[in-house]
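So you can see what is in the structure, the chains are spelled out below.
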Amino acid sequence: MKEAGLVTKIEGDTAYLKFNRTSACAKCGACGMVAGQSDITVSVDNSLHASLGDRVEVHFTTKNALLSSAIAYIFPLVMLFAGVWLGYVIPQDVFPVKDAFAAILGIAFAAAAFLILKLLNPYFKKKFAKVYTMVRILDESEPGDKCS
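Residues numbered from 1 in each chain as written. Predicted model: local features only at pLDDT ≥ 70, side-chain atom pairs only at ≥ 80, totals over all residues. Heavy atoms only, no water.

(A) Structural context of the overall build of the protein. Within the protein, the secondary structure is distributed over three helices and five strands. The order of helices and strands in the protein, counted from the N terminus, is β-β-β-β-α-α-α-β. Expressed as a percentage of its 148 residues, the buried residues of the protein come to 28%. Taking the intrachain contacts of the protein between residues at least 6 apart in sequence as the baseline, contacts between residues at least 24 apart amount to 70%. With an accessible surface of roughly 9,200 Å², the protein has 64% of that area assigned to carbon and sulfur atoms. (Helix = DSSP H or I, 4+ residues; strand = E, 2+ residues; numbered from the N terminus. Buried < 20%, exposed > 50% of the residue type's maximum accessible area, 1.4 Å probe, protein only. Contact = heavy atoms within 4.5 Å. Areas by Shrake-Rupley, 256 points an atom, 1.4 Å probe, with all protein chains shown as cover.)

(B) Highlighting the side chain of Glu57. Take Glu57: it is sitting in strand E4 (residues 55-60). A residue is classified by how much of its surface remains accessible, and Glu57, at 14% relative accessible area, is buried. The contacts of Glu57, once residues within four sequence positions are left out, are Lys2, Glu3, Ala4, Thr133, Met134, Val135, Arg136 and Leu138.

See the structure below:
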């Protein structure tokens, strides 16, 4: 998928691009933009040496974007449910109030999932670093309905 963004900041070899919501955003959601959000800023390797204020066309892989979102949201949810389930299947003599134990264990498992994701963050940053790739710098004369 290709979108056009505006370079709003440059730090070293990284450019920060601002994208405005388009009609495709309602269907995809791969960039991480949530309902009601009008724009999003993402970091991209500045391979084209774009300057501040340049409009650039960016290609992004929906597969990697959706996979990273799934890992960030679904893994903690699965861990929460696993903790709740485990809280119910452990014999009652260990903890007399099953509902409370299941809730505590579910929260503990979800917290552990977030801790695991935090520890694996450097790995995920490398793995999903190439979600966005600069394709070309757009001319001023090209239509800019996809960026501001």
